[in-house]
Amino acid sequence: MAKRKSNKKKVTSLILLLLLSIVMLGTTTYAWFTANQVVTINSINVKVEASNGLQISTNAAQWKSVITNSDILAGYTGSVNQFPIYVTNVSTDSTVDQTAGRLNMYRAVVGNDATTGDYNIYTAKETDTAGSTGNYVAFDIFLRVDKTQTIYLTSDSDVVAKEGTEDRGLKNAARIAFVTLGHGESTDSVSSLTGLRNNVSAKALIWEPNADAHTQMVSDTVAPEYNVTLVAGANTPYYGVNKAISTPVNLKELVNGTNGTDATLVNPGIVTKESNAVYKEAFDLAAGVTKMRIYMWIEGQDIDCENNATGSDIEFNLQLSTESGD
């Protein structure tokens with residue numbers, strides 16, 4: 001009888017352990033989405049106004065007022081233009097690899113701590129790759145002006161849910177970055193201009209669109225769960241991953257900034273609201289040709305990058321002008 005009771009206790013313990021495991025595995029992972037979920041971007045629109053002599057090119061040979069997806073994919077000989085159909089969330093602290101002239105990007109894997117039941121995360125550094133692979137969009141452009149100009153992000157620049165699709169808040173976690181690679185003269189050869197890398201900045205200029213927008217889920221549930229205080233009507237500070245993390249760390253601490261080792265506070269140089277109606281000063285261009293690298297991604301460390309936003313379609317619309325809009 002004693003042996004039968006002992007076996008019964010063991011079975012009961014195993015059942016309880018199994019139930020506990022199921023509960024732990026079923027707990028919602030808010031930040032960084034969950035494994036196997038992707039974001040579909042079907043439309044990347046990059047527009048540049050030709051006002052006051054501003055021109056754009058993806059190969060330093062053909063100059064236009066507007067470049068399209070096909071121009072970006074074509075690029076120039078030796079270009080590393082990454083234009084995937086499907087993207088997953090990544091993170092950056094805005095620093096640039098000085099040798100390669102590339103934004104330091106990190107992809108994460110979220111797991112479960114079997115001891116505490118909390119979620120943990122580790123990251124690996126990404127490498128820009130030409131073609132349709134990769135987890136974010138990255139491409140080179142050339143901007144030409146005939147005199148020194150201040151360039152503005154127009155009020156038509158935005159990141160929105162694709163027309164006819166449901167807005168799940170994914171656009172609120174989107175980012176665009178500008179990395180200046182170098183400057184040449186308008187008379188320089190194409191090979192000289194495409195090979196520019198003489199002015200790589202220590203940090204990229206990051207634009208955060210829809211900075212004041214959050215879904216009800218984020219406001220009511222996700223932000224409190226991660227101990228993140230949302231700033232009403234403005235951008236909420238976030239902490240970009242700054243290294244490859246080989247030993248998993250606590251996910252919440254990485255997101256809310258209490259982990260000061262593996263993530264760094266990011267201060268976007270350009271911030272716009274959801275219903276942006278103003279021109280924003282972006283950067284200055286010297287007379288001649290400036291080579292820049294553009295990045296478009298979903299920021300995993302943004303509190304808006306949560307499960308319910310997955311499966312959305314969004315459009316990046318980038319329009320630059322030499323006019324201030326006044």
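Residues numbered from 1 in each chain as written. Predicted model: local features only at pLDDT ≥ 70, side-chain atom pairs only at ≥ 80, totals over all residues. Heavy atoms only, no water.

1. Notes on the nonpolar core
With 35 residues, the main nonpolar core has Leu 143, Phe 178, Phe 283 and Ile 298 as its most contacted residues. Within the residue set of this core, elements represented by two or more residues are strand 10 (137–145), strand 11 (149–153), strand 13 (174–184), strand 19 (280–285), strand 20 (288–298) and strand 21 (313–321). Ranked by residue count, the leading element in this core is strand 10, at 5 residues. Contacts of Ile 298, omitting those with residues within four sequence positions, involve Phe 33, Val 87, Asn 89, Val 90, Leu 170, Ala 173, Ala 174, Cys 305 and Ile 314. Grouped together as the second largest cluster of nonpolar side chains are 20 residues, Ala 31, Ala 223, Val 255 and Ile 303 included. (Core = buried A, V, L, I, M, F, W, Y, C linked by side-chain atoms within 4.5 Å. Buried < 20%, exposed > 50% of the residue type's maximum accessible area, 1.4 Å probe, protein only. Helix = DSSP H or I, 4+ residues; strand = E, 2+ residues; numbered from the N terminus. Contact = heavy atoms within 4.5 Å.)

2. Topic: the confidence of the model for the protein
With 85% of its residues at a pLDDT of at least 70, the protein reaches an overall mean of 86. Taken together, the stretch residues 8–27 has pLDDT below 50 and engages in 7 contacts with residues farther than four places along the chain or on a different chain. (pLDDT = per-residue confidence, 0-100.)

3. What about the side chain of Asn 259?
Within the fold, Asn 259 resides in the loop between helix 5 (251–256) and strand 17 (263–266). On the accessibility criterion, Asn 259 (11% relative accessible area) is buried. Of the polar contacts made by the side chain of Asn 259, one reaches the backbone nitrogen of Thr 261; its length is 2.9 Å. Excluding its chain neighbours within four sequence positions, the residues that come into contact with Asn 259 are Val 249, Glu 253 and Leu 254. (Polar contact = N/O pair within 3.5 Å; in protein donor to acceptor, adjacent residues only side chain to side chain.)

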